[in-house]
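Summary of structural features
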Amino acid sequence: GVAARQTMTGGAVANDLAARAREIFAAALEAARPEWFTRESLEFAFPIPSGDAARRHWIIAIGKAAPAMACGALDFAASREIAVAGGIVVAAGDRPADTQSLARHETAARVGSPLLRCDGDHPLPGPKSLHAANELADLCEKVGPDDVVLVLISGGTSALIGAPVEGLSAKAYTELNELLFGAGLAIDDLNIVRKRFSRWGAGRLAAALAPAIVQQVLLSDVRFGDPAVIGSGPCVPDGFSADSVEQTLRRAGLARRLPLQVAAMLGAIIAGTLPETPDPLSPIFANVRPAIVGDNHDALQAAGTHALATLGPQTLMFDRELVGDAAESGREIARAVCEAAPGTCLIYGGETTVRLPDEHGRGGRNEQLALAAAEVLRTMGNDRMVLLAAGTDGTDGSSDAAGALVTSRTWDAIAAAGIDPAAALARCDAHPALDAVGALLRTGPTGTNVADIVIALRA
């Protein structure tokens, strides 16, 4: 179990709080089930009767929730007796169980050709992503002008089909992504830059599919559920000019660190010798219907409802955006729960950032947040508080954990295990430190992705 070693000596209260935090997190995950959300969204988008049912339909599902979202779309198609010609599913390490489930849904929907399964690289694009991007291009060529394409996008899409635009080398594209991620940019700023140089970002998928009808269902892992940001907006026009991209890079101190080929391309776009991204008024968007978006707010609402039902009227829910530096956010939330009244539950959702030092260790933003929180919780010196920080996709950065669950004893337990927790925090090396005391939260891939959730409880 999570935090087994640290809570065995932490007392019954801490054990009970840890269990309750895990239950609240589980309720949040249940509310973000991609299969159910996708089918319900398509039922809403295609009310009965609909003339679209007679057209050929294609499914493009990309992201960490792609297999489940594809199953939801196939379930919808089967219920309406809609002809699905084929499609593609691009996921992060698709598992046999997903493949079996997809096959069953394909049979029920009488799919003309089985959906192509591809794995992409994540969190940084790589060779598998380039292959998936090419397979997507091949599929787009099969779509007819009178067809309907169900574009199902979830978190991780930008990396999973990450490939350079024409004229940019794969090497330069990889270097750009490494630079952006290492700088700790907020996801909005990262995508302003990244999609500019991505083959399928900034409406370029819509361009490849036009004039077919496109219906998007988006499971958001970004702030405010902005369709132009989710997955780098493959079917949404770019709201930022090349000048805006350059300004974003300057604010982040990255303008002079760009790969030469990227800098040259950006300069050419600003000078007008290379084209901007597709214009919002372009006819390629004429048949792109309004996107349906599910996001972190749905998961937060479910978490809050479960907390109220199980913890009572003293529960307090904070649903404001969780943004900014991970360690500072962890300290802030820990201080808030330390100062709160007994019986309080604080719930936050969003996505923090981490600026990696040149020499860094292993661990994601949620582990960094939890370790920083543990230092503050330690000052209380009791077992009446816990904090859980986790990614709803079941992974945190490049680690094998979703996040961590810490108590007031965690910081000292790490030191007792022979690891300096302060040094681990400074090096962004939270993973081994938390692992040493059993504080990591390992859920395995959840099949969904609606950003991160932090739950802090005080008995």
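Coordinates for the structure precede this section.
Let me sum up the structure you'll find in this document. Bear in mind that the values here come from a model prediction, so they are computed numbers and not experimental data.

For serine 232, the position within the fold is in the loop between strand S5 (213-219) and helix H11 (242-251). Of the residues examined, serine 232 reaches a relative accessible area of 2% and is grouped as buried. A polar contact of 2.6 Å, which involves the side chain of serine 232, links it to the side chain of serine 158. Ignoring any residue separated from it by four or fewer positions in sequence, one finds serine 232 in contact with Ser158, Asn191, Arg194, Lys195, Gly201 and Ala202.

Before going further, it helps to examine the pairing of strand S9 (residues 385-391). For a regular strand, side-chain orientation follows a simple rule: the groups alternate between the two sheet faces. Of all 7 residues that make up S9, 7 are buried, and the element is covered over most of its length. Side-chain alternation along S9 places Met385, Leu387, Ala389 and Gly391 on one buried face and Val386, Leu388 and Ala390 on a second face that is also buried. Examined bridge by bridge, S9 and strand S10 (residues 403-407) share 5 bridges and lie antiparallel to one another. By the bridge assignment for S10, valine 386 is matched with threonine 407.

What follows deals with the side chain of arginine 194. Along the chain, arginine 194 falls in helix H9 (residues 187-194). Here the side chain of arginine 194 touches asparagine 191 through a polar contact of 2.5 Å, side chain to side chain. If we ignore the near neighbours within four places in the chain, the residues touching arginine 194 are Ser158, Asn177, Leu180, Phe181, Ile187 and Ser232.

To continue, consider helix H8 (residues 170-182). Between its terminal C-alpha atoms H8 stretches 18 Å, which fits the 18 Å expected from 13 residues at 1.5 Å a residue. The complete set of buried residues in H8 reads Ala172, Tyr173, Leu176, Asn177, Leu179 and Leu180. Angularly, the buried residues of H8 cover 160 degrees about the axis, an arc narrow enough to put them on a single face. For H8, the elements touching its buried residues are helix H7 (157-160), H9, H11 and helix H12 (260-271). Glycine 184 sits one or two residues past H8 and shows a positive phi near 70 degrees.

Moving on to the sheet that holds strand S4 (residues 148-153). The strand order across the open sheet formed by 6 strands is S3-S2-S1-S4-S5-S6, and the pairing between neighbours is parallel. Whereas interior strands pair on both sides, the edge strands pair on one side only; in this sheet they are strand S3 (116-119) and strand S6 (292-294). On average, adjacent strands in this sheet sit at an angle of 10 degrees to one another, irrespective of strand direction. Looking at chain direction, strand S2 (residues 84-91) and S3 are connected through 4 bridges and run parallel. Opposite alanine 91, over in S3, you have aspartate 119 as the bridge partner.

Tracing the chain through its elements places aspartate 16 in helix H2 (residues 12-31). Along the sequence, aspartate 16 and arginine 384 sit 368 residues apart, while their C-alpha atoms lie 9.6 Å from each other. There is a polar contact of 2.9 Å between the side chain of aspartate 16 and the side chain of arginine 20.

Pairing within the open sheet is mixed, and its 6 strands lie in the order S7-S8-S12-S9-S10-S11. Looking at strand neighbours, the two that pair on one side only are strand S7 (321-322) and strand S11 (440-441), the edges of this open sheet. Where S10 lies against S11, 2 bridges are found, and the strand directions are antiparallel. From the neighbouring strand, alanine 404 faces S11, where its bridge partner is leucine 440. Where helix H15 (residues 365-378) meets the sheet, it contacts S7, S9, S10, S11 and strand S12 (452-458), and its direction lies at approximately 170 degrees from that of S9.

Before going further, it helps to spend a moment on the pairing of S2. Most of S2 is tucked away: 8 of the 8 residues are buried. Examined bridge by bridge, strand S1 (residues 57-62) and S2 share 6 bridges and lie parallel to one another. In the strand pairing of S2, isoleucine 60 is matched with isoleucine 88. In this region the chain leaves S1, passes through helix H4 (residues 66-80) and returns to the parallel neighbour S2; the handedness of that crossover is right-handed.

What counts, and where the lines are drawn
Residues numbered from 1 in each chain as written. Predicted model: local features only at pLDDT ≥ 70, side-chain atom pairs only at ≥ 80, totals over all residues. Heavy atoms only, no water. Helix = DSSP H or I, 4+ residues; strand = E, 2+ residues; numbered from the N terminus. Buried < 20%, exposed > 50% of the residue type's maximum accessible area, 1.4 Å probe, protein only. Polar contact = N/O pair within 3.5 Å; in protein donor to acceptor, adjacent residues only side chain to side chain. Contact = heavy atoms within 4.5 Å. Pairing = 2+ DSSP bridges. Expected span 1.5 Å × (residues − 1). Arc of directions from axis to C-beta. Axes fitted to C-alpha atoms, helices over the stretch in contact; angles between N-to-C directions. Right-handed = clockwise from strand over helix to strand, strands pointing away.

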